[in-house]
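Letter by letter, the chains look like this.
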Amino acid sequence: MDELKRYASYAVLQELNRREFRRKLALFPPELRHFVILSAGIIGAGNAKRVEGTPEAVVKDGEAFAAEILGLLNPGQDEEFRSILETCLIETIKDELRLCCSNCSKFDACIDLENLPVGHLFKERTEGQGSDELKREIALRIDQALQKTPHLETDNANILCRDFSHQYTASAIGSVFNRYADIAAELQHSFGLDYRKIQMEMISLNMEFCAKNKE
């Protein structure tokens, strides 16, 4: 993947993450959403540094954002925060496993990522040129591309689209759960997250995913 195509992919991923974040916010009452913001930032930063090829600037931005929010809220071992952190981690795994267009191996082709003219724009953003006009231009172009994928919000694109093929095969899914197990272990150390609970949830999600892939 050439550099601009890679940056276009990161731009699309950022927009998808933004939409997933809105779904997570809706799970909690307004008075607790500051903890959702913090949880999403921590988990996002954990994922960014573990996904091969993520630009260093993106990793640093994610870590800096999480650190800034953490410094403002300072939740320590707060039980309410820990519960939200655990929920957000599981919901993030579910998002990555959903049977939807964005998780399809043909997603890049459907949005014509090869010719999506946002790679150079997003590269400018990661290099510090984050003007509002630039952000709006990136968002507009990505929104237009995503309109070509009508099953973004479903969990049954395998039924709705005959060409659907999940990005993860049953044999490759282990690497995904290993990544999240690593993040969970780190969060257990930092915030007292219930690693055993997360482990049991991941086993259940793994079995569910493999069962759906056999349908």
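See the structure above.
Residues numbered from 1 in each chain as written. Predicted model: local features only at pLDDT ≥ 70, side-chain atom pairs only at ≥ 80, totals over all residues. Heavy atoms only, no water.

Asks: Which residues make up the overall build of the chain, and what values do they have?
Replies: A tally of helices and strands in the chain yields ten helices and zero strands. Counting from the amino terminus, the chain carries its helices and strands in the arrangement α-α-α-α-α-α-α-α-α-α. Its C-alpha atoms give the chain a radius of gyration of 18 Å, within 12% of the compact-globule value 17 Å for 215 residues. By its C-alpha atoms, the chain is 45 × 45 × 30 Å across when sized along the principal axes. With 215 residues in all, the chain has 41% of them scored as buried. If you take every contact in the chain between residues at least 6 apart in sequence, the share linking residues at least 24 apart comes to 81%. (Helix = DSSP H or I, 4+ residues; strand = E, 2+ residues; numbered from the N terminus. Rg over C-alpha atoms; globule rule 2.2 N^0.38 Å. Buried < 20%, exposed > 50% of the residue type's maximum accessible area, 1.4 Å probe, protein only. Contact = heavy atoms within 4.5 Å.)

Asks: Describe the environment of Leu99, naming the residues involved and giving the relevant values.
Replies: Within the secondary structure, Leu99 is located in the loop between helix H4 (79-97) and helix H5 (107-110). Along the primary structure Leu99 and Asn158 are separated by 59 residues, whereas in three dimensions their C-alpha atoms are 6.4 Å apart. Non-local contacts of Leu99, meaning those with residues more than four positions away in its chain, are made with Thr154, Asp155, Asn156, Ala157, Asn158, Phe164, His166, Lys212 and Asn213.

Asks: I'd like to hear about the pattern of salt bridges, residue by residue, with values.
Replies: For side chains bearing opposite charge, pairing can occur when the charged atoms are close. Summed over the entire model, instances satisfying the criterion amount to 17 salt bridges. For the salt bridge of Asp95 with Arg98, the shortest nitrogen-to-oxygen distance reads 3.7 Å. For the pair shown, Asp95 and Arg98 are each scored as buried. Close ionic contact of Lys212 with Asp155 constitutes a salt bridge, the shortest N to O distance being 2.8 Å. Of this pair, Lys212 sits in helix H10 (residues 195-213) while Asp155 sits in the loop between helix H7 (132-146) and helix H8 (157-160), placing them 57 residues apart in sequence. A single network of salt bridges, built from pairs that share partners, joins Arg23, Lys24, Asp95, Arg98 and Glu153. (Salt bridge = Lys/Arg side-chain N within 4 Å of Asp/Glu carboxyl O.)

Asks: Got a sec to walk through the nonpolar core? Specific residues and values, please.
Replies: Residues Leu89, Ile93, Leu97 and Leu187 are the most contacted members of the largest nonpolar core, which totals 34 residues. Elements supplying a minimum of two residues to this core: helix H2 (33-48), helix H3 (56-73), H4, helix H9 (173-191) and H10. Here the element with the most residues in this core is H9; it accounts for nine residues. Residue contacts for Leu187: discarding those within four places in its chain leaves Ile42, Ile43, Leu85, Leu89, Gly192 and Leu193. (Core = buried A, V, L, I, M, F, W, Y, C linked by side-chain atoms within 4.5 Å.)

Asks: Explain the packing of helix H6 (residues 119-126) against H7 residue by residue, including any values.
Replies: One can describe the packing of H6 onto H7 by two numbers: an axis separation of 10 Å at closest approach and a directional angle of 145°. Crossing geometry of H6 relative to H7 is assigned as left-handed. Contact with H6, carried on its side by Leu121, Phe122, Glu124 and Arg125, involves Leu134, Lys135, Glu137, Ile138 and Arg141 of H7 and no other residues of that element. Classifying every residue of the contact of H6 with H7 gives four nonpolar, no polar and five charged. (Axes fitted to C-alpha atoms, helices over the stretch in contact; angles between N-to-C directions. Left-handed = near helix turned anticlockwise from the far one by under 90°. Nonpolar A, V, L, I, M, F, W, Y, C, P; charged D, E, K, R; others polar.)

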